Amino acid sequence: MLFFRFIIFLLFTNVSIICSVYGQTPGQDKDVRKNLPKLKTESSDLFWDFNKWNDSQGWQLPTGNKSGIIGGSIWISVAPDTNKFDPSSWAYQIWGVKPRYDIISPSGLDISVPEFNQVRMKIRNLSPETDGYIYWRTKENQDKDAGSARFTMRPDCPEWQEVVCYIDSTWQGIIDQICIRPVQMGMRGDIWIDWIKIVNGQPAKTPARPDLCSDKVVPEIKLPGISQEHFQDAFKILDECLVTDVPMKGFNYPFLAPGGRYGQSWWQLDASLNIAGAKWVNQKFVENMMRGFAGVQSQNPDGRIDLWGGSAVRGMPANVSSLPRFFEAAFDVAVRTDDKQLQELIFDMMKKYLGYWFSPLKRDAGTGLITAVFEESFSDKSFGDKKAIPGTLAPIDLNVAVAIGCYNTCKLARYLDYEDDSQFYNQLFEQLCQAINKYLWCDKTNAYYNYDTHNKVKKPRLICTTFDPLRYNIAPLERIDKLVSLLVNPEIFNWGIHPVTSIALTEPEFVEATGIYDGTAWFGDVWTLRNMLIINGLEDAGKHNLASELAWATIKMFNNNFSEYVVPGTGSGEGVARYGWTASQYIQAIIENIFGIRYNRFEKRLIIFPHIPKECMGHEISIQNLFLPFEKTRLSLNIDCKSSEKLLIDIKFKGTLPDGKIVVMLPELSSKNFYGPDNNDMDEFTNINYKNYKGVEMPVKQSVHLVFK
């Protein structure tokens, strides 16, 4: 079976399951706490300093050579249990094991709920651990956990740090005993606890909640068949994914989790894709998400961004990341922000992450292709085998994603005036494009395929990632029409009926997966992740009419059906019902593809390139009060498509006018041209990055009226 995210969360996020036997250590009875000495204290606080030689003061420590009382401190040595799991396997690197480094207090604490609300510790943490938990049992029920609370600490930090675990409004009854679990990953390092005390202090501050879904920030749209209520609901889903209880697993800023049963952890892929929609309502929030990514990346010496916050190997070199859509999210934030330091930080992150992908660990020496394991690609069932050997499969989706990373890093380097870096990443982009076109293309079938670098053969499964090389014209011109012919055949990828299926209908392994995600949905069902890349690739190739129709089909299928994936035969949403990246990419498709709105602060250009589907012709469509990445600047765009002879385009601003130019483009239609009230203010816009269009450029004004006829 492929990609068992549901197993991960059974292991790591279901606290009640993990914590139910926290008193048990190897070789012990799980009711060991009944035999621990009773606490005696005369202080108003409960305090233990461990300053007596080899005296744990009644605390039960992990058994074996993993802990002890040394120098007035509890010492814990963190190391994996290699008898159970192989740390070199990708499966272990993803979810590791459930480490047992429990430190159990004496019983008989007799803590009353109003009297105490904090557990404080002085810790020296020379491990990559960032999160710990405290569990407790009550006097009323000494055999079962009554609750838990999380605390955080700085990783690999040689200085002592005071850590506070807030138990505000969580205690219930009379607390008899607590358990401290400072280790979640269990890979390496040492942790010392100088003292522990339970006190009454100031309650935890309620973190500010970034606004992602209120009427104040969500723009108003008018599209046939798409209600404002459903559009706004997509933003509400992003708000449901919002995690503000940070730091969380090394991520120091609020972030967007996947949603639903995937819990509160961060994931590289989900967080990156969720930025696509969130950036249109809260620029500051997505900027801080970039800073959060910088924090988790900085823990890894190889430049890797882990697959998710629970990866066991965070803080050390490793073999596994995930499909890197981070490059697109990072570039989008960089070109919209006015924070120069953040732009430099993002550029540095992109370079480091590319360093991981182009390292000999990931890049095949013979072909120059990037190889994948597990969720670094979603296109091969062999990843479900825990014995799968890293470095033997070069998939299309990963290689195109890394090529996009090279392209965007090259472009950002040029914006930042780093010409040498720009040339370097352009060379990497060209090298990877050549490898993709040499080893992944098949002349017999006119399609791209995954490549087995071990056996030096293409894998014969036809997946929708065959269209990924349309992006940034990775596919040469002579192959584009061949790919398009394959794409629009309804018998192969469902064109014209629903959005593109994840695998060809003609493949024997095609399946319509239903229910809880188990990995099979990547081999038949419809995903926004797959379709959005094809949409943008069609735009890059100048196939604007096809791009508009696929964007519209994707929007309609997932409108008010923001499921993880959809069964193509029935349109039934499956997996997580309110899934973050689905909602985010739905928002992105409406704003950036249908209305075609993008802003680039480096170029000082607001670009408006609508892709209007046939169903919208004969209507008036609009988006009102859309936030641009300026202080209190909003854009309203109205497009009157009611006449077959002409389009009327009205652009208006509220608030501070952005500096620079407005570029308006439309797919080239016979001999039609742009006309405005003052033709002298309009210059023809030309750019080699766009194909098959007509465009004009003009200074930013409070309002602009254009006619395309």
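Everything discussed here concerns the structure shown above.
A quick note: this is a predicted structure, and the numbers were derived from the prediction, not measured.

Participant: Would you mind showing me how to read helix α15 (residues 580-594) here?
Facilitator: An α-helix turns once per 3.6 residues; consequently, residues spaced three or four apart project the same way. In this model, α15 (15 residues) spans 20 Å end to end at C-alpha, consistent with the 21 Å of a helix rising 1.5 Å per residue. Of all 15 residues making up α15, 15 are buried, and the element is well covered by its neighbours. Gly-596 sits one or two residues past α15 and shows a positive phi near 70 degrees.

Participant: Is there a simple way to explain the nonpolar core in this structure?
Facilitator: The tendency in soluble globular proteins is for nonpolar side chains to be buried as a group. Leu-223, Met-290, Phe-293, Phe-326, Ile-597 and Ile-651 are the most contacted members of the largest nonpolar core, which has 168 residues in total. Here this core takes 13 residues from helix α9 (residues 396-415), the largest share from any one element. Setting aside anything within four residues of it in sequence, one finds Ile-597 in contact with Trp-280, Ile-591, Glu-592, Leu-606, Ile-607, Ile-623, Leu-626, Leu-635 and Leu-637. Leu-61, Ile-175, Ile-191 and Ile-193 belong to the second-largest nonpolar core, a separate cluster that totals 34 residues.

Participant: Just to check I follow, could you spell out the sheet that holds strand β18 (residues 451-452) for this structure?
Facilitator: Hydrogen bonds between backbone atoms are what pair the strands of a sheet, whose relative direction is either parallel or antiparallel. The strand order across the open sheet built from three strands is β15-β18-β19, with neighbouring strands paired in antiparallel fashion. Two strands lie at the open edges of the sheet, namely β15 (393-394) and β19 (457-458), each paired on one side alone. Of the strand pairs in this sheet, β18 and β19 are connected by two bridges, and their pairing is antiparallel. What sits directly across from Asp-452, in β19, is Val-457.

Participant: Hey, could you run me through the sheet that holds strand β23 (residues 605-608) in this one?
Facilitator: Ordered in space as β22-β23-β27-β30-β29, the five strands form an open sheet in which the pairing is mixed. Edge strands, defined here as strands with exactly one partner in the open sheet, are β22 (597-600) and β29 (683-684). With two bridges connecting them, β29 and strand β30 (residues 693-699) associate as antiparallel partners. Residue pairing across strands places Asp-683 opposite Glu-697, the latter belonging to β30.

Participant: Hey, could you run me through the environment of Pro-508 in this one?
Facilitator: Here Pro-508 shows up in the loop between α12 (490-493) and α13 (528-540). Its relative accessible area of 78% is what places Pro-508 among the exposed residues. It is 9.1 Å that separates the C-alpha atoms of Pro-508 and Arg-461, two residues lying 47 residues apart in sequence.

Participant: In this structure, what is going on with the environment of Ser-321? I would like to understand it.
Facilitator: The residue Ser-321 is located in the loop between α6 (283-298) and α7 (326-336) in this model. Taking C-alpha positions, Ser-321 is 24 Å from Cys-157, a pair spaced 164 residues apart along the chain. Apart from residues lying up to four places away in sequence, Ser-321 is in contact with Arg-304, Ile-305, Leu-307, Tyr-353, Tyr-356, Trp-357 and Glu-376. A distance of 2.6 Å separates the side chain of Ser-321 from the side chain of Tyr-353, its partner in a polar contact.

Participant: What am I meant to see in the packing of aromatic side chains here?
Facilitator: Aromatic ring pairs: the centre-centre distance and the angle between the two ring planes describe each pair. Under the defined criterion, the tally for this structure stands at 41 aromatic pairs. Their ring planes at 85 degrees and their centres at 5.2 Å tell us that Trp-48 and Trp-59 sit as a pair that is edge-to-face. Of this pair, Trp-48 sits in strand β1 (residues 46-48) while Trp-59 sits in the loop between β1 and β2 (67-70); the two residues are eleven residues apart in sequence, bridging distant segments of the chain. Judged on exposure class, the residue Trp-48 and its partner Trp-59 are both buried. Of the aromatic side chains, those joined through ring pairs into one cluster are Tyr-262, Trp-267, Trp-308, Phe-378, Tyr-517, Trp-522, Trp-527, Tyr-565, Tyr-579 and Trp-581. For the cation-ring pair, Arg-124 lies above Trp-192, with the distance from its terminal atom to the ring centre recorded as 5.2 Å. When the ring centre of Tyr-675 is taken as reference, the NZ or CZ atom of Lys-709 above it lies at 5.6 Å.

Participant: What's the story with the pairing of strand β26 (residues 647-654) in this structure? I'm lost.
Facilitator: The side chains of a regular strand alternate, residue by residue, between the two faces of the sheet. On β26, burial follows the alternation: Leu-647, Ile-649, Ile-651 and Phe-653 on one face are buried, whereas Leu-648, Asp-650, Lys-652 and Lys-654 on the facing-out side are not. Bridge count for strand β25 (residues 634-640) against β26 is seven bridges, and the pairing is antiparallel. Among the inter-strand pairings, Ser-636 is bridged to a residue of β26, identified as Lys-652. Counted between consecutive antiparallel strands, the loop separating β25 from β26 contains six residues. Across six bridges, β26 lies against strand β31 (residues 703-708) in antiparallel orientation.

Conventions and cut-offs
Residues numbered from 1 in each chain as written. Predicted model: local features only at pLDDT ≥ 70, side-chain atom pairs only at ≥ 80, totals over all residues. Heavy atoms only, no water. Helix = DSSP H or I, 4+ residues; strand = E, 2+ residues; numbered from the N terminus. Expected span 1.5 Å × (residues − 1). Buried < 20%, exposed > 50% of the residue type's maximum accessible area, 1.4 Å probe, protein only. Core = buried A, V, L, I, M, F, W, Y, C linked by side-chain atoms within 4.5 Å. Contact = heavy atoms within 4.5 Å. Pairing = 2+ DSSP bridges. Polar contact = N/O pair within 3.5 Å; in protein donor to acceptor, adjacent residues only side chain to side chain. Phe/Tyr/Trp six-rings, centres within 6.5 Å; stacked < 30°, edge-to-face > 60°. Lys NZ or Arg CZ within 6 Å of the ring centre and 35° of its normal.

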